[in-house]
Every structure is written in C-alpha cells, then in structure tokens.
Amino acid sequence: LVCHERAETPRGRSRARLFPPSRGMQPVLAFPAHRVAIRPAAPAARASDTAPAAASPASLANRRVLFVAKDRRAVPTPASRSPGSVRVRAAAAPVAAMSTLGATALQFTPLDALCGGMILGVATIAKLMLTGRLLGVSASVKRPAQGEFFSWDFAFLGGLLAAGAFHVATAGPLPAEPMVSVGRALLSGALVGAGSAMGNGCTSGHGICGNARFSPRSMAYTGVFMLVGFIAATAFDTAGALGIAPVSAVAATTIPPLAVLQTWFAFAAASVGAFVGLGALATSGKNASSSGGAYATDELSGGLVSGVQSELRPPWTPSVGPRKKLVNVAADAVVGFVFGTGLIISGMTRPVKVAGFLSALHPAWDPSLALVMGGALALCAPGFYFVQKYQRAPVCSLEFGFTSNSKLDARLMAGGALFGAGWGLGGICPGPSIVALAMVPSPSVAAWVAGMVLGMVVNKNLLSTRQQSSMSAASL
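What you see is a predicted model; the values in this text were computed from it and never measured.

The rules behind each value
- Residues numbered from 1 in each chain as written.
- Predicted model: local features only at pLDDT ≥ 70, side-chain atom pairs only at ≥ 80, totals over all residues.
- Heavy atoms only, no water.
- Helix = DSSP H or I, 4+ residues; strand = E, 2+ residues; numbered from the N terminus.
- Buried < 20%, exposed > 50% of the residue type's maximum accessible area, 1.4 Å probe, protein only.
- Contact = heavy atoms within 4.5 Å.
- Areas by Shrake-Rupley, 256 points an atom, 1.4 Å probe, with all protein chains shown as cover.
- Expected span 1.5 Å × (residues − 1).
- Core = buried A, V, L, I, M, F, W, Y, C linked by side-chain atoms within 4.5 Å.
- Phe/Tyr/Trp six-rings, centres within 6.5 Å; stacked < 30°, edge-to-face > 60°.
- Lys NZ or Arg CZ within 6 Å of the ring centre and 35° of its normal.
- Axes fitted to C-alpha atoms, helices over the stretch in contact; angles between N-to-C directions.
- Left-handed = near helix turned anticlockwise from the far one by under 90°.
- Nonpolar A, V, L, I, M, F, W, Y, C, P; charged D, E, K, R; others polar.
- Salt bridge = Lys/Arg side-chain N within 4 Å of Asp/Glu carboxyl O.

Engineer: Quick question: what am I supposed to make of the overall build of the chain here?
Structural biologist: In terms of regular secondary structure, the chain is built from 16 helices and 6 strands. Looking at the chain as a whole, 53% of its 476 residues qualify as buried. Of the contacts formed within the chain by residues at least 6 apart in sequence, a portion of 75% connects residues at least 24 apart. Here the chain has roughly 20300 Å² of accessible surface; of this, 66% comes from carbon and sulfur atoms.

Quick look at the structure:
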C-alpha cells in the first residue's frame, strides 16, 4: 500500500512524493482486494478543496491530494468526512498504476492470501474426489506439449483462462502488471518448464498435492525450489527488475472489508455446491458398462454423494459410462475456474507479490505467499487423508492416480533447482501464467508461457535422446 501526494511549494511549483500509509487514511476496495489509501488534506484547505460532489475530473485535478491513473476517477467523499479528503475508486489494481510513478509498493494481505489459498484447496480436493487425478498445472501443460492429448487437460486449462477473463469482465480492463523483460521472461519460463518436467510437478502438484499427502519427494522438491527461488530472486534483484519500492509491506498490512470476505466465502460455498452437483449428476441413473453387461458401473464409483461402494465383483472389466465421462471433463473445467479464481484472490497472479516473498532481504519483503500455501494445505491435508481412508474410488473414474514412489534422486533435485531458478527470475509459475494470459496479457507473459512450453519440449527430446543412447550402448 502506498500513497501519492502532490503539494504546492511557496513558489507555486508542484512537488510529488510517495509515502507509507498511516492512521486516518481512507481504504478503498477494488476487485479483488486491491486497496488505495489517500491521505486526508490538511485542516487548512483551499477553496478548491471543498468543491461540490458534481465537480469535474479537471477541477479535482487541482486538489492537494491526487491519485491519477488510467480508468480511474477521483470522487469527493461525503460532507461528514474531513474537507478535502478524496476517495479513489479504482477499476483495477492500484499497484499496477503505481508503476507509472516509477515504483510498485506492496502490502501484506494475510486474509486475502488465506482465503485464496483455501479456495485453491477446495478445487484440489474436489478434483481428486471427482476424477481421481491430482491437480497439477504443469502436468496439464506438459502432456499436450509432449504430444499427449486428453480432453480433461484442455478443460482444466480452459477453466484457468475463463477465471482470468471473468475477472476482467467484472473488474473492467486492467492495466498490465509489472513484469520482467521479454528476454528474462522467456528464460524464466524455460527454466520453470524444464524443471517441472524433470521433477514431475510444480507449486500445485508438489507444493499442494504432494505436501498434503506428506510425500517425501514433494517435500524435498518444494524445499529445493523455495531455497533456489530465494537465492535467484535476491542474486538477480527480481524486486528491482519489477520496480518494487523499498517500503515495508508488513507495515502496510491491509484487511479486506467484511463485505469482501463474505463474497469470497459465498464463492467458496457456491464452488462446493457445484462440485456436489456434478457428483450427483454423475451418480444419478445407471450407466451401462462398455462390455454390454447389465452391471451399473456407478456402483464402482462410490464416494462423494452416496459414500457406498458395492461389494459385487462382475466377471467382466467394468468401465465408466458416457455420463461419467462427460462429468469427468466438465469437473476439470469447473476446477480450473475455481482454482484460477483462488490464484487471483490470493495475489499469486501478480509477479510483484511472488518476488516480494522470494526477496527475503528486500525492505518490502511480503510473507503473503506463505499464507497462500498454508491456507491450501490446511484444507488439503485432512481432505486427502479422508479421501484415501474412506473413499474407495473416485466418482467419475475407477481408481485414484496416487503414486507410491518415494525415491529422492538427482533428477528430482535438479528439476527443483531449475524450477526455483526460473521462479525466482520471473516471479511467476505455471498456474498464474495461464490465468494472466486472459487477465493481463502482455508480451512478457506470452514469452514466459512460450518459454515454459519450450522447456518441456526440450526436456522430452533430451530424455528421449539419452534413453536411445542407453539402449544402443546396452545392445553393444
């Protein structure tokens, strides 16, 4: 949170300065939980400061306190407030507008991070219960990039894009977020793509799903990419590259209004209702198995709605019926939308927030990201335990996609290091980058996504070459 003040000197010249927030400021909400605070004018206000409510933007521009940016308009506050105080209603994130002043100031947003993380947890648990698959954004990108095409991957990625587009539709056109240069974004994306392909996961697959299951591989991978991310962001001054102002984010802690919190909880409740509805749709009626028998494959799904699994063991191999196949894909689309919305609320789609967390030695260090992960794990850890213990099979498929591999190998560690290096250089990871393509598209965001795909393709080609070389050597 930062404020911009313009004051006139005794000689009639204008002077602008940035200053941290203090008591008496007026917080104003934009979507989703981006706030601007404007310092009230001095008690001795000029005549122009008491302009009527119908004052034009031009007359407001002459006031002592001003925050001017594209798609924003200053509105005088009610008469009950101090004379000259101005409230700014922003159609987008003010931190992006602050980049026009040469600096981006961060604020610590604990409730935004926790609520956004919990929404991420809701989407992650729902995907596991409905489809049996672990949520991993990099995996949904890697499979098409490496020539493996599944409808649910495209549905999930489409849901992420829809979340970004919906944000724009409800908040209005957004100014571009501060982003690193195109070349640096391309390198960052390539490192993240190669690292996630080598380590088979990213901040969602390992960071949330794997850690929620207490997987040793995921814990090790997360520890490596966090450590390397801190080192890369500090060594290559990602905070400076993004223009983060050296103003304490913790000192500028902000709490969203109660109405905003109620909106977020209503969205989470509606998401749970949508997932329960999808489960009910999948288990209603009887879908015949592909073998032509009369056995209802719905009885093999159990779990989310009925909570009961039949003990019958048909002599043929059961399969999922057409209705479940449709719900299987639709569920991934809804999961993508909910997950993308959680990323937006938590601030993960903003590279400055991520870089603020990874730049631990910077004056503007922002611990919000830790609370995003904490909010997601607070739901996923008990949720995954419940699913593994009490749900015998997913609603829309026959088995869960859990793996039992606990080996810590050099490939996993190298993947974590590459991922962390790219994350620290750019301040963005696979999920937020997909959402940003629809929300705040820019050449740097497009370059980052292209680099990620390129890194995944190169990793596959190198792996294939090594395997072919090993087979040739073994045949000699």
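Next comes the rest of the account.
Engineer: I'm lost on helix H11 (residues 322–346) in this one. Help?
Structural biologist: For an α-helix the count is 3.6 residues per turn, leaving residues at separations of three or four pointing the same way. With 25 residues, H11 extends 36 Å between its outermost C-alpha atoms, agreeing within 8% with the 36 Å of an ideal straight helix rising 1.5 Å per residue. Residue glycine 347 follows H11 closely and has a positive phi angle near 95 degrees.

Engineer: Even after reading the chapter, I still don't get the nonpolar core, so can you show me in this structure?
Structural biologist: Generally speaking, soluble globular proteins have nonpolar side chains that are buried together. Counting residues in each nonpolar core, the largest one holds 83 residues, and the members touching the most others are Leu160, Ile244, Phe275, Phe339, Phe419, Trp423 and Trp448. Those residues in contact with tryptophan 448 that lie beyond four places of it in its chain are Met179, Ala185, Ser188, Gly189, Val192, Ile428, Cys429, Pro430 and Ser433.

Engineer: Could you clarify how one ought to interpret the packing of aromatic side chains in this entry?
Structural biologist: A ring pair, where both rings are aromatic, is described by two values, the distance of the centres and the angle of the planes. For the structure on display, the rule yields 13 aromatic pairs. Residues tyrosine 221 and phenylalanine 419 carry aromatic rings whose centres are separated by 6.2 Å and whose planes lie at 50 degrees to one another, so their mutual orientation is tilted. Residue tyrosine 221 is found in helix H8 (residues 216–235), and its partner phenylalanine 419 is found in helix H14 (residues 410–426); the two are separated by 198 residues along the sequence. Exposure class is identical for tyrosine 221 and phenylalanine 419. Each is buried. Counting every residue linked through ring pairs, the aromatic cluster contains Tyr221, Phe225, Phe419 and Trp423. Here lysine 127 stacks its cationic end above the ring of phenylalanine 156, 4.6 Å away from the centre of that ring. A cation over an aromatic ring shows up here: arginine 133 above the ring of tryptophan 152, its NZ or CZ 4.1 Å from the ring centre.

Engineer: Would you mind going over unusual backbone geometry with me for this structure?
Structural biologist: Leave glycine aside and you will find that most residues have negative phi; peptide bonds, for their part, are mostly trans. One non-glycine residue, asparagine 200, lies in the positive phi region at around 55 degrees. Here asparagine 200 is to be found in the loop between helix H6 (182–199) and helix H7 (205–212). One non-glycine residue, aspartate 237, lies in positive phi territory at about 50 degrees. Judged by relative accessible area, aspartate 237 falls into the partly exposed class, the value being 40%.

Engineer: Quick question: what am I supposed to make of the packing of helix H5 (residues 151–171) against H11 here?
Structural biologist: Each pair of packed helices gets described by two things: the angle between the helix axes and the distance between those axes. Axis separation between H5 and H11 bottoms out at 7 Å; the angle between their running directions is 40 degrees. When the axes of H5 and H11 are compared, the crossing they make is right-handed. Residue-level inspection shows Ser151, Trp152, Ala155, Phe156, Gly159, Leu160, Ala162, Ala163, Gly164, Phe166 and His167 of H5 in contact with H11, the latter providing Val329, Asp332, Ala333, Val335, Gly336, Phe337, Phe339, Gly340, Thr341 and Ile344. In the contact of H5 with H11, the residues fall into 13 nonpolar, 7 polar and 1 charged.

Engineer: Just checking my understanding: could you explain the pattern of salt bridges for this structure?
Structural biologist: Evaluated as defined, the whole model comprises 6 salt bridges. Aspartate 332 is the partner of arginine 133 in a salt bridge, and the nearest nitrogen-oxygen pair spans 2.5 Å. With arginine 133 in the loop between helix H3 (110–131) and helix H4 (137–145) and aspartate 332 in helix H11, this pair connects stretches of sequence that are 199 residues apart. Accessibility classification places arginine 133 together with aspartate 332 in one group, the buried group. For aspartate 153, the salt bridge identified is with arginine 143, shortest N-O distance 2.7 Å. Of this pair, aspartate 153 sits in helix H5 while arginine 143 sits in helix H4, placing them 10 residues apart in sequence.

Engineer: How should I be thinking about the side chain of aspartate 366 in this particular structure?
Structural biologist: Within the secondary structure layout, aspartate 366 lies in the loop between helix H12 (351–358) and helix H13 (368–390). For aspartate 366, the residues in contact, after removing those within four places along its chain, are Leu106, Gln107, Phe108, Ala249, Lys353, Gly356 and Phe357.

Any link to function would need more than the numbers given here.
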